[in-house]
Amino acid sequence: MTPSRNTLPFWLSAPSLLLTMAFVALPLVMTLSLSLYPYDLTTGIGDGMTLTNYRDIVIDEYFHAIFARTFGMAMLVTVICILIGLPEAYVLSRLSSRWRSVSLVIVLGPLLISVVVRTLGWAVLLGNEGILNNALRAIGIIDEPIRLMFTFTGTVVALVHVLVPFMVLAIWASLQKLDPATEHAAESLGANQITILRRIVFPQVIPGVLSGSLIVFALSASAFATPAIIGGRRLKVVPTTIYDEFLGSLNWPLGAALAVTLLVIVLTCSLAMNRFVEWRYRQVFQ
Amino acid sequence: MSFLELRGLGKRYGDIEAVSSCDLTVEKGEFVCLLGPSGCGKTTTLQMIAGFVPPTSGQVFLDGRDITALKPSRRGLGIVFQSYALFPHMTVAENVAFGLEMRRIGRGEREQRVTETLALVHLDAMTDRYPGELSGGQRQRVALARALVIQPQVLLLDEPMGALDAKLREDMQIELRALQRRVAITTIMVTHDQAEAMTLSDRIVLMNRGQVEQVARPYDMYERPNGQFASTFLGKANVFSGRSNGKSVLAGDRWFPVEGNIPEGDVDYIIRPEKIEIVDTAPLLHGKVSARVFLGNHWLFQVDTPLGPMHLTQPNTGMPATGEGDVIGMSWVGAHARVVASGTSR
Amino acid sequence: MTRTPRALLVFHISFACFMLAPLVVVALVSMTDKGYVALPFDGASLRWYRAILHAPDFIDAFWRSIGLAATAATIATLVAIPAGIAIAWHRFPGRDVVLGLLLSPLMVPHVVLGISLLRFLTQIGASSTLWGLAVAHTVIVLPYVLRLIIAGATGFDRSLAQAGYSLGASAWTVFLRIELPLILPGVAGGWLIAFINSFDELTMSVFVASATTETLPVKMYNHIAHTIDPLVASISTVLIVMTLILMVILDRFYGLDRILAGKSK
Ligand SMILES: Nc1ncnc2c1ncn2[C@@H]1O[C@H](COP(=O)(O)OP(=O)(O)OP(=O)(O)O)[C@@H](O)[C@H]1O
Ligand SMILES: [Mg+2]
């Protein structure tokens, strides 16, 4: 790197910075201000500044339930993704390179396919007349169709499918940084396979697990398409509620307040997690 | 039976013969270096002893026991890896304690042995640091301590000095040698640095293209290399091919002196540069000095002779009288020459 | 290396089935000859694939999405190249702030960006215009491109440029002849990721796109929210197949894991 006292780097980054400031920062500030406007069912958006929208969110149990559901779901999805992602990434790292490319296409390839398409697949699978129910009934395991569409479980399953590749990728990346000689070293010191996994491999991939969790948690708390299609009207989460406020009931200030709240919570979680990782692993991984 | 014995140990990777039928015996407390150029199979041999690479032929005996099929974790050997392979998420003390934990050694004894071993490698002050916070030399010593603390029967080191700079490398060599003497541990070390092998080892195992060329004490290998490869890999040498009649060797149109019994037929005639004298009368060979290089403790001359370019060195006892462009006469005694049948030269 | 335990392999295969199941199902139901989604079905036909040809609004949306993705990816790449170079090769006051700012859109949920841009574009009179949508897509794919370009440019040996200068090349020549070709893989990867992300983007576009500027994902979402019929299944299958072909090509030329690594946040 060249230390530059001149203004060249600023000119070089100016176009990107301008775009980001004008089309991300400025609109976000406007949303913040929008969330402070009063709203009336008959007269629409009023004048002046008020915290009523935020008060509504804090007081109203309707919103409590929605926030609890959103973040509970995000947490659950994250945990499931960790439980699946860890062994899967480990298997991937041990496959021969030919099987690895095939597995990568299958396991991570869906990442490149539109979320709408993948969610459609789950809708077809999970519906009352869906394939899972028909199959289970045909085998005779169940008589009545189990309800999966428009349920918490169904949404979680679909979200895991959408987001688990991110977890696998993150853990796999940290597995690749691991020096295979450390496993040999542990073996030569008398450790068995399980001990090596538990004491040598796992602690070294924790940073990967944490960064994967961060991504999965944030994406699942802000997921829209999957909860909207699989969860539907009955299972509202914060993003679908924002959508309804904006395009349905047209209460933009309330929608903006919900959006700001969601943004603040997601950002806080992300930053806190980042801080934690830096604090905990600064010494270890430089 | 020797302490450690390799019998016909070999490894093939498909068509590549990484190590072919290696025989070697190592005595208890001995320091042996595996020396050879890159890719000659040193690491593979070491890994077969350690148990990480299953041999395709042959056996490994340790203390009279066949350990060929034993898992690495059951062999009880101490290994220092080329990259050190320190556990990055554990402190120095935790790294060193790991092997003791695996042996279910109680906390009290464990801590005591860790402290002792870290003192042995002069790292007492670093116990709570992470490997990322250590210098290269310190890391190497942690790796050494981690291998030594389990009191292994054999210590295996794969190019442990590879990542160190020249000065530190010399210091560590002396320290390693002293340490090895003190704990009297049987040691096998891989290196491609001939000076390192000479400094450290009781015996050198010279390898080339998957085969053991020669096994000898450093002095013997230097003075009596068994072929062209050995003579040029360990130190510098002038090698002429010629014909022997059993008493003398004809190279070009000259006869060169020898001593003792020598093979007959096509031979390589080997003479070290420091054994050649510059003489005015009755030289064995004439030549013109094409380059004169000052190397601190000695001068190196490159001389063009009818048999091709030769090297000779002279101790630095002042500015030499001979300079570039001078024609000189060279001579040596038969006892210093080494004659080997050409077949053994590789 | 010891062998991978059997239990892990069984897990791996089950997981692969889980990942494939919804995609395979979509492909299967698209081949029904009935007017509704059901499986198993009696007669297979390509009826719903022919139906795509008679759904011009979907075809329009497809081409609009392609054009939008190409535009957004190209603009994002063009502005990200200088910024990436500045950040990777220059040490200047505020460098970390600039980098943080440029990557910050990654942390903002797309719903939030969606409503913010909806209102912003309305206020500046650009709502329901294609260029408004294009700019919106550009800013959300910009961080992905930037990250790949920085990664590519950081691993680059600066003495190569110095060698160029020492041989008498001007700064511009060094850039064109030495630096640009060397960061090109990062640039190409960044463009691709940007294209894919923009093409698949739904959540923000749902807000920003209007009836006349609907992208394909938005069109499909609105359709599915209303009814699930074999037509969206056949369209989805076409998309899956196209992605698959793209993946094979990418794997050949670029390495799939590198592309995928760039896709993650
Ligand atoms: N896993 C493997 N598969 C195929 N060939 C291998 C493998 N490991 C080593 N080889 C080959 O075996 C030969 C010996 O390798 P080895 O690592 O033992 O060399 P070395 O003497 O340690 O070299 P260096 O000094 O470079 O470390 C080389 O030709 C190498 O290419
Ligand atoms: Mg080696």
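Below is a summary of the structure that appears in this document. Residue numbers here run from 1 along each chain, matching the order of that chain's written sequence. Chains and ligands are labelled by the order in which they are written, letters from A for the one and numbers from 1 for the other. Whole-chain, interface and lining totals are the exception, using all residues; otherwise, since this is a predicted model, local features are given only for residues with pLDDT of at least 70 and side-chain atom pairs are given and counted only at 80 or more. Note: side-chain values were computed over all heavy atoms of the structure, leaving out hydrogens and water.

Looking at the interface of chain A and chain B
Move 1: The interface is formed by 20 residues belonging to chain A together with 24 residues belonging to chain B.
Move 2: By salt bridge we mean one thing: a side-chain nitrogen of Lys or Arg within 4 Å of a carboxyl oxygen of Asp or Glu. Taken together, chain A and chain B are joined by one salt bridge.
Move 3: Across the pair arginine 199 of chain A and glutamate 101 of chain B runs a salt bridge whose closest N-O atoms are separated by 2.7 Å.
Move 4: Any pair of N or O atoms that falls within 3.5 Å is considered a polar contact. Within protein, one atom must be able to donate a hydrogen and the other to accept it, and sequence-neighbouring residues count only if both atoms are side-chain atoms. Joining chain A to chain B, the criterion identifies five residue pairs in polar contact (both at pLDDT 80 or more). Throughout, a residue-residue contact means that at least one pair of heavy atoms, one from each residue, lies within 4.5 Å.

Remarks on the interface of chain C and chain A
Move 1: The partner chain A presents 90 residues to the 86 residues of chain C that form the contact.
Move 2: A simple way to read buried area is as the amount of 1.4 Å-probe accessible surface that goes missing from two parts once joined, with both sides added. Overall, the association of chain C and chain A removes approximately 8,000 Å² of surface from exposure, summing both partners, and the carbon and sulfur fraction of that is 80%.
Move 3: Scanning the region where chain C abuts chain A turns up six residue pairs in polar contact (both at pLDDT 80 or more).
Move 4: We count a stretch as a helix when DSSP gives it H or I for four or more residues in a row; a strand needs E for two or more, and each element gets its number in order from the N terminus. Considering each element in turn, the side of chain C that touches chain A owes the most residues, 15 residues, to helix H1 (residues 6-29) of chain C.
Move 5: Under the scheme applied, nonpolar residues are Ala, Val, Leu, Ile, Met, Phe, Trp, Tyr, Cys and Pro; charged residues are Asp, Glu, Lys and Arg; polar residues are all the others, including Gly. Broken down by class, the residue content of the side of chain C that touches chain A amounts to 64 nonpolar, twelve polar and ten charged.

Focus on helix H11 (residues 238-248) of chain A
Residue and element names in this part refer to chain A.
Move 1: Remark: exposure states derive from per-residue accessible area (1.4 Å probe, protein chains only) relative to the maximum for the residue type, with buried under 20%, exposed over 50%, and partly exposed in between. Where burial is concerned, most of H11 is hidden: nine out of the eleven residues are buried.
Move 2: Along H11, the positions that sit buried rather than exposed are Val238, Pro239, Thr240, Thr241, Ile242, Tyr243, Asp244, Glu245 and Phe246.
Move 3: Phi for leucine 250, located one or two positions after H11, is positive at around 60°.

A look at the sheet that holds strand S1 (residues 4-13) of chain B
All names here are of chain B.
Move 1: Taken in spatial order, the four strands of this open sheet run S2-S1-S4-S5, and their pairing is antiparallel. The two strands at the open ends of the sheet, each matched to only one other strand, are strand S2 (16-26) and strand S5 (65-66).
Move 2: The pairing of strand S4 (residues 57-62) with S5 spans two bridges and is antiparallel. In the sheet register, phenylalanine 61 faces S5, and the bridge partner there is aspartate 66.
Move 3: Helix axes are fitted only over the stretch in contact, all axes being lines through C-alpha atoms; the angle between N-to-C directions runs from 0 to 180 degrees. On the sheet, helix H1 (residues 42-50) packs against S1, S2 and S4 and is oriented at approximately 120° with respect to S1. When DSSP finds two or more bridges between a pair of strands, those strands are recorded as paired.

Things to note about the environment of alanine 72 of chain C
Residues and elements named next belong to chain C.
Move 1: The residue alanine 72 is located in helix H3 (residues 56-89) in this model.
Move 2: As a C-alpha pair, alanine 72 and isoleucine 52 span 20 residues in sequence and 26 Å in three-dimensional space.
Move 3: Setting aside its immediate chain neighbours within four residues, alanine 72 contacts Ala134, His137, Thr138, Val141 and Ser198.

Details of the site of ligand 1
All names here are of chain B.
Move 1: Note on definitions. A residue lies near a molecule or strand when any single heavy atom of the residue is within 4 Å of it. The immediate surroundings of ligand 1 are formed by Tyr13, Ala18, Ser38, Gly39, Cys40, Gly41, Lys42, Thr43, Thr44 and Glu159.
Move 2: Side-chain polar atom of threonine 43 to an oxygen atom of ligand 1: 2.5 Å apart, as the coordinates give it.
Move 3: Within the side chain of glutamate 159, one N or O atom sits 3.4 Å away from an oxygen atom of ligand 1.
Move 4: Contact with the protein chains hides 61% of the accessible area of ligand 1, taken as 630 Å² for the molecule alone.
Move 5: No other element matches the three residues that H1 contributes to the shell around ligand 1.
Move 6: Classifying every residue of the shell around ligand 1 by side-chain character gives three nonpolar, five polar and two charged. Per-residue and other accessible areas were derived by the Shrake-Rupley procedure at a 1.4 Å probe size, with only the shown protein chains allowed to occlude residues.

As for the pattern of salt bridges
Move 1: On inspection of all chains with the given rule, the structure shows 22 salt bridges over all chains.
Move 2: A salt bridge links arginine 55 of chain A to aspartate 56 of chain A; the nearest nitrogen and oxygen atoms lie 4.0 Å apart.
Move 3: We note a salt bridge from arginine 95 of chain C to aspartate 96 of chain C, for which the minimum N-O separation is 3.6 Å.
Move 4: Connected through salt bridges with shared partners, the residues Arg233, Lys236 and Asp244 of chain A form a single ionic network.

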